[in-house]
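# Summary of the model geometry
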Amino acid sequence: MTNIKEKLSNKGIWNLACTKTAIISIIVMATACKSNINSDFNIKNYGAKGNKEQLVSAQIQKAIDECFEAGGGRVYFPPGNYLTGTIVLKDNVTLYLEAGATLFASKEEKDFDTPFKVYKKNDSGKKGKGETPVLIYAKNAKNISIEGKGTIDGQAVRSYEDLKEVDGFIRDITEKAKKAGVEMKMYYKTKPYTCLVFFESCENIKIHNISLIESMDWTLHFKWCKKVFIDNIYLFSSLESGVNADGIDVDGCKDVVITNSIIETGDDAIVLKSTQTDTTALSCENVTVNNCVLTSTSTALKIGTETFGDFRHITFSNCVVRNSNRGISIVVRDGAMVENVLFSDITMETNRKHFNWWGNGDAIWIVLLKRSDDSKLGMIRNITMRNIVAHSQGTSKIEGFEGKPIENIELANIQFFMHNENYADKRTDDAFYSHDVKNLRVRDCDVTWNDDIIEPKWKNAFSFKQIEGLLLSGLSGKQAPTDSASFILLNDTRDVCIEHCRPLDGTTIFLQVEGAKSSNIILNDNYTENAEKLINIINGANTGIIRKL
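Residues numbered from 1 in each chain as written. Predicted model: local features only at pLDDT ≥ 70, side-chain atom pairs only at ≥ 80, totals over all residues. Heavy atoms only, no water.

## A few points about the overall build of the chain
The helix and strand inventory of the chain stands at 3 helices and 44 strands. For the chain, the spread of C-alpha atoms along the principal axes amounts to about 115 × 75 × 45 Å. When burial is assessed residue by residue, the chain has 56% of its 549 residues classed as buried. Restricting the contact set of the chain to residue pairs at least 6 apart, pairs at least 24 apart contribute 76%. Split by element, the accessible area of the chain, about 23100 Å² in all, is 48% carbon and sulfur. (Helix = DSSP H or I, 4+ residues; strand = E, 2+ residues; numbered from the N terminus. Buried < 20%, exposed > 50% of the residue type's maximum accessible area, 1.4 Å probe, protein only. Contact = heavy atoms within 4.5 Å. Areas by Shrake-Rupley, 256 points an atom, 1.4 Å probe, with all protein chains shown as cover.)

## Points about a nonpolar patch on the surface
On the surface, a nonpolar cluster with roughly 240 Å² of combined accessible area is contributed by Tyr234, Ile262 and Val293. Take Val293: it is sitting in strand 25 (residues 293-296). For Val293, a relative accessible area of 37% translates into the label partly exposed. (Patch = residues over 30% accessible without salt bridge, like charges linked within 9 Å, V, L, I, M, F, W, Y side chains within 5 Å. Salt bridge = Lys/Arg side-chain N within 4 Å of Asp/Glu carboxyl O.)

## Considerations on the layout of surface pockets
If you add up the space inside the second largest pocket, you get close to 660 Å³. Broken down by secondary-structure element, the contributors of at least two residues to the lining of the second largest pocket are helix 3 (171-179), strand 30 (362-368) and strand 32 (396-399). For the lining of the second largest pocket, the leading source of residues is helix 3, giving 4 residues. In terms of residue class, the lining of the second largest pocket is made up of 8 nonpolar, 6 polar and 12 charged. (1 Å grid on protein atoms, 1.4 Å probe; cavity = no way out; pocket = protein on both sides within 12 Å on 5 of 7 lines; lining within 4 Å. Points joined across faces, edges and corners; volume = space filled by probe spheres on them. Nonpolar A, V, L, I, M, F, W, Y, C, P; charged D, E, K, R; others polar.)

## Observations concerning the packing of aromatic side chains
Under the defined criterion, the tally for this structure stands at 14 aromatic pairs. With a centroid separation of 5.6 Å and an interplanar angle of 75°, the aromatic rings of Phe77 and Tyr82 are classed as edge-to-face. Take Phe77 and Tyr82: they sit in the same class, and that class is buried. Seen in terms of ring centroids, Phe169 and Trp358 are 4.4 Å apart; in terms of plane orientation they differ by 55°. Their pairing is tilted. (Phe/Tyr/Trp six-rings, centres within 6.5 Å; stacked < 30°, edge-to-face > 60°.)

## Observations regarding unusual backbone geometry
In this chain, Lys191 is followed by Pro192 through a cis amide linkage whose omega measures -5°. Along the polypeptide, Pro192 turns up in the loop between strand 13 (185-189) and strand 14 (195-200). A cis geometry characterises the amide bond from Gly304 onward to Thr305, with omega recorded as 0°. Backbone geometry at Asn209 places phi at a positive 70°, although glycine is not the residue there. In this structure, Asn209 sits in the loop between strand 15 (203-208) and strand 16 (211-213). Owing to a relative accessible area of 25%, Asn209 belongs among the partly exposed residues under this scheme. The residue Asn439 is not glycine, and still its phi comes out positive at about 65°. Summarising the element assignment, Asn439 is placed in strand 34 (residues 432-443). Its relative accessible area of 31% is what places Asn439 among the partly exposed residues.

## Section: the nonpolar core
Core analysis: the biggest nonpolar cluster contains 123 residues, and Phe199, Phe222, Ile248, Met385, Leu411 and Phe464 have the highest contact counts within it. Considering every element that reaches this core, the biggest residue donor is strand 33 (residues 406-418), with 6 residues. Contact partners of Ile248, with chain neighbours within four places excluded, come to Leu220, Phe222, Ile230, Ile233, Leu235, Ile258, Ile263, Ala269, Ile270 and Val271. Judged by nonpolar contacts, the second largest core, of 6 residues, contains Val88, Val118, Cys195 and Phe198. (Core = buried A, V, L, I, M, F, W, Y, C linked by side-chain atoms within 4.5 Å.)

## What about the pattern of salt bridges?
As enumerated under the stated definition, the model contains 24 salt bridges in all. We note a salt bridge from Asp425 to Arg352, for which the minimum N-O separation is 3.0 Å. Taken as a pair, Asp425 in the loop between strand 33 and strand 34 and Arg352 in the loop between strand 29 (337-350) and strand 30 lie far apart in primary sequence, 73 residues in all. The burial state of Asp425 is the same as that of Arg352; both residues are buried.

## A word on the confidence of the model for the chain
In the predicted model, the chain carries a mean pLDDT of 91, and 91% of its residues have values of at least 70. Taken as a whole, residues 1-37 scores under 50 in pLDDT and shows 0 contacts with residues more than four places along the chain or in a different chain. For the stretch residues 122-128, pLDDT sits under 50, and the model shows 15 contacts to residues farther than four places along the chain or on other chains. (pLDDT = per-residue confidence, 0-100.)

## A closer look at the environment of Leu103
Mapped onto the fold, Leu103 is located in strand 7 (residues 101-105). Each C-alpha atom, one on Leu103 and one on Ile87, is 11 Å from the other, the two residues being 16 residues apart in sequence. Residues contacting Leu103, with those up to four places away along its chain left out, are Ile60, Phe77, Tyr82, Thr84, Ile87, Leu97, Ile136, Thr151, Ile152 and Asp153.

## Some points on empty space enclosed by the protein
For the coordinates displayed, the defined rule picks out 1 cavity of 30 Å³ or more. Within this model, the largest cavity holds a volume of roughly 30 Å³. Lining of the largest cavity is provided by Phe169, Asp268, Ser298, Thr299, Lys302, Arg326, Ser329, Val331, Trp358 and Trp365. Going through the elements one at a time, strand 26 (299-307) and strand 28 (326-332) are the ones with two or more residues in the lining of the largest cavity.

## Thoughts on the environment of Lys117
Turning to its location among the elements, Lys117 is positioned in strand 8 (residues 117-119). For the pair Lys117 and Glu131, spaced 14 residues apart in sequence, the C-alpha separation works out to 5.9 Å. If we ignore the near neighbours within four places in the chain, the residues touching Lys117 are Phe112, Glu131, Thr132 and Val134.

## Describing the state of the cysteines
Applying the stated criterion across every chain yields a total of 0 disulfides. Between Cys284, a free cysteine, and Cys253, which holds the nearest cysteine sulfur, the sulfur-to-sulfur gap is 5.9 Å. Note on Cys292: no disulfide assigned, nearest cysteine sulfur contributed by Cys319 at a separation of 4.9 Å. Exposure remark for Cys292: the relative accessible area of 1% places this residue in the buried category. (Disulfide = S-S within 2.5 Å.)

## A look at helix 2 (residues 57-69)
For helix 2, which comprises 13 residues, the first-to-last C-alpha distance of 18 Å matches the rise-based estimate of 18 Å (1.5 Å per residue) to within 8%. Residues Ser57, Gln59, Ile60, Gln61, Ala63, Ile64 and Cys67 constitute the buried set of helix 2. After helix 2 finishes, the residue Gly71 shows a positive phi value of roughly 105°. (Expected span 1.5 Å × (residues − 1).)

Shown next, in the form of structure tokens:
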């Protein structure tokens, strides 16, 4: 009996000990949860009502400052509408917008009257000093984030007015549009020209889940930053009126990842730049863009045109591009080196837009230029584009600078579907055209023209001028369904190998060669039964330059 009582007594003590342990655990967990809750700095506790009528810049800034002084945490926006001017994000602080919370940019210029403004040299949308108000700003900050399922709204307003001046970059296009009877009007921004987010010289940045809409200027601008992670965001501005409302601008940054996002914007969707402030410009390196859906009235995936610093080790992959004025482009105007860039696994639809937008409804444009006569001439090399399906209205082009070709360019497994243009000022001729390139490889690429509506200016499927070292392998298609065109055109091009190519039924000329500088052209194992004429040599080309293996 004694042993039984002792056992029961010991069991009771054991149960009591277990109960006490459980209670202590619950208290510890509750304390931890309470501590976590207290790490949130709820802006309503600072006097923000969330009714949009109240300007809450000061309240938000106080919450950020106290969060920073406490060592970091979340500045929490519960559901509501919050109106603000410039706010400054600091180390270890996350802005967290709950679902149902919207942060509105003030439409009063005085609410942005702070020292924190963007300076962007050579931004065509800026006049005078080129200063742009900023809604959310940070400089030299570390471990900063904008997260949540809420929205940041720039409240952009634009006006449709007569053309005030001609953009020099598209002067010829503008003149042709005018002669074709296109209305010479466009949308212009109204002040304040607010940029929604501008982070400068910051490190370890996260933008996650948030929606950003109707920025007046560039939406997300990262300048000279390191370790930038953008994931699962939705970004929108008007396709018709959103001038200068770029989606994401990666400007002289290193180690950047952009994934799983949907961007629909009036200007470039995702664009890498290297702007110059005073005499400083930094390179843009180690950037990957993956799994995004993009729509742009300008270019969906772009490098340039501000190219004062170099660009290298960059990939764009697994993206869908719809209803954009241009699919992918590299435009070097300021002396940069662009190298080691990969575009892969992209499906795109490109359509002509209003004349003031840059782009011709083209899938691809790679070009080396000089912004002015005094500009340094840059270089583009080691670029690969592969596994692309492109439904386009414009000519895809790869263009070096006369006397200084770009180098080592490869296109592989690209399908070009050519559709008629929807504007009176017709611009398209060839499906694909390239000039001034050294070592160009085009493999397993197809051209298909829309036979239902034929544009009178359509010409060749593949056209090359002043190329040194050209490999054409496994090409398929035919010339446009018009006269005086060919499947492949070579002009002043040398050291060429054309192999395993297959012109389709209806091909008039398989290969046309022009220019006295054309030389050393080898044909090997091509399937030319469908071509009415195999080779046509004109305009000074020598008949002895072609060999068949």
